[in-house]
Amino acid sequence: MIMKSKFDKYKRDPEINKFYKTYKWKMKRKEILERDNYECQHCKAKGLYSKAQCVHHIKELKYNPLLAFDNDNLISLCNTCHNKVHDKGFNCINHKKIQIEERW
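The rules we used
Residues numbered from 1 in each chain as written. Predicted model: local features only at pLDDT ≥ 70, side-chain atom pairs only at ≥ 80, totals over all residues. Heavy atoms only, no water. Core = buried A, V, L, I, M, F, W, Y, C linked by side-chain atoms within 4.5 Å. Buried < 20%, exposed > 50% of the residue type's maximum accessible area, 1.4 Å probe, protein only. Helix = DSSP H or I, 4+ residues; strand = E, 2+ residues; numbered from the N terminus. Contact = heavy atoms within 4.5 Å. Expected span 1.5 Å × (residues − 1). Arc of directions from axis to C-beta. Phe/Tyr/Trp six-rings, centres within 6.5 Å; stacked < 30°, edge-to-face > 60°.

### A look at the nonpolar core
With ten residues, the main nonpolar core is built from Ile 16, Phe 19, Trp 25, Ile 32, Leu 33, Ala 52, Val 55, Leu 61, Ala 68 and Leu 74. Ranked by residue count, the leading element in this core is helix α2 (residues 23-35), at three residues. Discounting residues that sit within four places of it in the chain, Leu 33 has contacts with Tyr 38, Ala 52, Cys 54, Val 55 and Ser 76. Counting eight residues, the second largest nonpolar core, distinct from the first, contains Cys 40, Cys 54, Leu 77 and Cys 78.

### Focus on α2
For α2, which comprises 13 residues, the first-to-last C-alpha distance of 18 Å matches the rise-based estimate of 18 Å (1.5 Å per residue) to within 8%. Among all positions in α2, only Trp 25, Lys 28, Ile 32 and Leu 33 are buried. Buried residues of α2, viewed axially, fall in a sector of 135°; they line one side. In this structure, the buried residues of α2 make contact with α1 (14-20), β2 (54-57) and β3 (74-77). One or two positions beyond α2, positive phi appears at Asn 37, with a value near 55°.

### A look at the packing of aromatic side chains
In this structure the tally under the stated criterion is five aromatic pairs. The interplanar angle of 80° and the centroid separation of 5.3 Å between the aromatic rings of Tyr 20 and Trp 25 together place this pair among those described as edge-to-face. Of the residues examined, Tyr 20 reaches a relative accessible area of 22% and is grouped as partly exposed. Since its relative accessible area comes to 4%, Trp 25 is described here as buried.

Below, the structure is given as structure tokens:
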């Protein structure tokens, strides 16, 4: 009997892994992080601040490949919020309270 890790269900398809390693994706990721001022947009909506470490596909890439580079389908998130969106159950809190007004 093969024992599965509790993380096995989060392993990505090899084709999707290839996508995330492309130069085109890395440039788009940078563009979206800059657009969102490297701030987690979910935290910001709650009046909190957290540095965004990832860019999330709102409509999942696996099922919506035509939206892979669509700015309206991409959002900057911190790892905690990204894990919550994907229900991964990991929790690393790094949120800080901020005032809602923009700083730039």
